[in-house]
Amino acid sequence: MIKSAIFEANLFNMNPKSILLYIVVFISGLASLTAQYTEKINTNRPGVSQGAFSVGNNVLQLEGGLGFGKEKHDILNTKTNVFNFDYAIRYGLLIEQLEIMLDGKFRADGVRQTIGANEEKINRSDFQSNTIGAKYLIYDPYKKPKEEDSTDYSKLKSWKERYKFRWKSLIPAVSGYLGANFISADNPFTAPNDDSFSPKIVVMTQNNWTTSINGQWVLVTNLIFDKITTDDPIFGWIITSTHTLNDKWAAFVEYQGQKSDFYSDNILRTGGAYLFNKDLQFDANVAFNFKDTPSLFTVSFGASYRFDWHTKDEIIEQPGLEGGVKEEEIEGEQENEEGTEEGEEIEGLEEGEEIENDSLKLGKTPFINDFEDDSFREELERDLDERRTEERLERERIENEKIAKKEGKKFKKEEARRLKREAKEARKAEKAAEKAEKEKQKMIEEIDAELDKMEQDEGTDQELEDIEKELKNLEKEFDVEEDDKKQKKEEKKKDEEEKAKEIEEEDIDAEYEKYQKEQEKQKKAEEKRRKKEEKRRQKEEKKRKKEEEKQTEEEENLEKELEKID
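Residues numbered from 1 in each chain as written. Predicted model: local features only at pLDDT ≥ 70, side-chain atom pairs only at ≥ 80, totals over all residues. Heavy atoms only, no water.

Peer 1: So what about the pairing of strand E11 (residues 280-289)? Which residues, and what values?
Peer 2: Pairing between strand E10 (residues 265-277) and E11: 10 bridges, direction antiparallel. In the sheet register, arginine 269 faces E11, and the bridge partner there is alanine 287. The turn linking E10 back onto E11 is made up of two residues. As paired strands, E11 and strand E12 (residues 295-308) are joined by nine bridges and run antiparallel to one another. (Pairing = 2+ DSSP bridges. Helix = DSSP H or I, 4+ residues; strand = E, 2+ residues; numbered from the N terminus.)

Peer 1: Please set out the side chain of histidine 243 residue by residue, giving values where relevant.
Peer 2: Relative to the elements of secondary structure, histidine 243 occurs in strand E8 (residues 234-244). At 3.0 Å, the side chain of histidine 243 forms a polar contact with the backbone oxygen of glutamine 216. (Polar contact = N/O pair within 3.5 Å; in protein donor to acceptor, adjacent residues only side chain to side chain.)

Peer 1: Outline a nonpolar patch on the surface, listing residues and values.
Peer 2: Side chains of Leu62, Ile89, Tyr305, Phe307 and Trp309 sit close together on the surface and give an oily, nonpolar patch of about 430 Å² of accessible area. With respect to the element layout, tryptophan 309 can be found in the loop between E12 and helix H4 (327-334). Under the relative-accessibility criterion, tryptophan 309 is labelled partly exposed at 43%. (Patch = residues over 30% accessible without salt bridge, like charges linked within 9 Å, V, L, I, M, F, W, Y side chains within 5 Å. Areas by Shrake-Rupley, 256 points an atom, 1.4 Å probe, with all protein chains shown as cover. Salt bridge = Lys/Arg side-chain N within 4 Å of Asp/Glu carboxyl O. Buried < 20%, exposed > 50% of the residue type's maximum accessible area, 1.4 Å probe, protein only.)

Peer 1: Outline a negative patch on the surface, supporting the account with residue identities and numerical values.
Peer 2: Taken together, the side chains of Glu445, Glu446, Asp448, Asp452, Glu475, Asp479, Asp483 and Asp484 make up a negatively charged region of the molecular surface. Taken together, the elements giving at least two residues each to the negative patch come down to helix H6 (374-458) and helix H7 (462-501). When you line up the elements, aspartate 452 lands in helix H6. (Lys, Arg positive; Asp, Glu negative; His and termini not counted. Charge placed at Lys NZ, Arg CZ, Asp CG, Glu CD.)

Peer 1: Break down a positive patch on the surface for me, with residues and values.
Peer 2: A cluster of basic residues, Lys420, Lys424, Arg427, Lys428, Lys431 and Lys523, forms a positive patch at the surface. Tracing the sequence through the fold places lysine 428 in helix H6.

Peer 1: Could you give an account of unusual backbone geometry, naming the residues involved and the relevant values?
Peer 2: The omega torsion of the bond from arginine 45 to proline 46 falls at 10 degrees, within 30 degrees of zero and hence cis. Among the structural elements, proline 46 can be located in the loop between helix H2 (16-29) and strand E1 (59-73). Following threonine 293, the chain continues to proline 294 via a peptide bond in cis, the omega torsion being 0 degrees. Unusually for a residue other than glycine, leucine 94 sits at a positive phi of about 65 degrees.

Peer 1: Give a detailed account of the pattern of salt bridges, specifying residues and quantitative values.
Peer 2: One pass over the structure, following the stated rule, counts 28 salt bridges. Across the pair arginine 387 and aspartate 247 runs a salt bridge whose closest N-O atoms are separated by 4.0 Å. Of this pair, arginine 387 sits in helix H6 while aspartate 247 sits in the loop between E8 and strand E9 (249-259), and the two are 140 residues apart along the sequence. With a relative accessible area of 36%, arginine 387 lands in the partly exposed category. A cluster of three or more residues bridged by salt bridges with shared partners is formed by Glu63, Arg90, Glu99 and Lys135.

Peer 1: Report on the confidence of the model for the chain, specifying residues and quantitative values.
Peer 2: As a note on interpretation, predicted positions should not be read in detail where pLDDT is low. In the predicted model, the chain carries a mean pLDDT of 77, and 73% of its residues have values of at least 70. For the chain, per-element mean pLDDT is lowest for helix H1 (residues 5-10), which scores 36, and highest for E11, which scores 95. Low pLDDT (under 50) marks residues 16-35, which in the prediction has 31 contacts with non-local residues, meaning those over four places away or in another chain. (pLDDT = per-residue confidence, 0-100. Contact = heavy atoms within 4.5 Å.)

Peer 1: Break down the side chain of glutamate 415 for me, citing the residues and quoting the values.
Peer 2: Mapped onto the fold, glutamate 415 is located in helix H6. Looking at glutamate 415, its side chain comes within polar contact range of the side chain of arginine 418, at 3.0 Å.

In structure tokens:
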């Protein structure tokens, strides 16, 4: 617990209504009306504290996470498996320094309690908290300082003077949050007499330190006054320290304290976050406490995403001149020779015109203090330009490689399809040739069988000799055709080999049409041969029928002569 003369000796003895009035007066008494939109996502995760800065005007941000843990109560002799889902919906409304937020936590657990030899299990689930409220940035130390607070590093020749610690860098940004809790009746995770509606007040401070040696550090503190109008008010505090390891990774440590009649605890959290892109962050953390009534251990995983509809950036000034100076100071600076360029640029702006800031080229950065000088900023700018150029060239190289790879795959696929199609047509042609050969052989065998039968019955006559001559002639013709086919097949194979060698230069469609024409020619030749075979078969059939009729007539004449003899 924080030892403070303000918040320990006096605060806990005050009436809740007096505390509420004190906080409202304290918030309204501070006067500074500036805020800041950041280029990258500004999230409260992975801790539970709230930063002082808002998400920015017209920015919607979603934050959520899942937690799994165990609790053990030594006095009650209970063991609890816990599941948590926490969420936050944040939106920058109307002005830069104002943010409205809906946040809460849903909890489901299973409690095992051992009484004697019996074990009892109780399952519970409900929203542990639901709060809607608004946060307002009251004071930002990085804008509108006094004239004597600005530092001209070019005039400081002493290394000690340039890099010495400056106490004014400890002044934090301050924000106030005012919200309302709303919970369901008979909630197992809240005090029995809790009201369904109660106020919540949070005072937030934030320090941002960017140095050339240690990188960027952020220190956030929250002072919480929750449910102060109920019978069991809650007073809490959170201290969070975050350190960016590089452009993508950050680590944090957080200490949370809470004091109330219903539940008090001290919790330590640690973990890290990964910036996937400027609008998306993933995170993880581990939480544990230091007591056994109950002891807790929780592991959580979460993410934050923002919908960035922010259209106009605020001016972020140079070190010591954050927020600019008044018009009278600008006119006085124009008379100075060292500030002529800056004064002329500001004087050249028309009324209502603002400077846009979308990169580090303007020599401006979101979090500035006296640890940083111009040379370090210039080095950051050069490094940023080089990284951006390298990233752009790398993206172009990867894109070109993808296109080339895609075209190569497409060509190989088309080539494989063509070769497969040609192989299929060749197999069909071979099967057709084999079938035609079998039919021809079968026809020849049938004709030979018929001739043998005729020779056995009647003997060989002149007509049969003529038939045999015609068959021999036909066989010679078939042999010639077979030779031609073989020669054509050999020529075709040679042509296919030559085509395969010149596959990259020839047109695939033209080759396919040529192949179809050759197939049509083969089909016509085969059809012609079949017609010729059919005519020959019909001729042989007619001759056979004629011989049968002649034999029948001779038998009838022979029977007539026998009848006459009888």
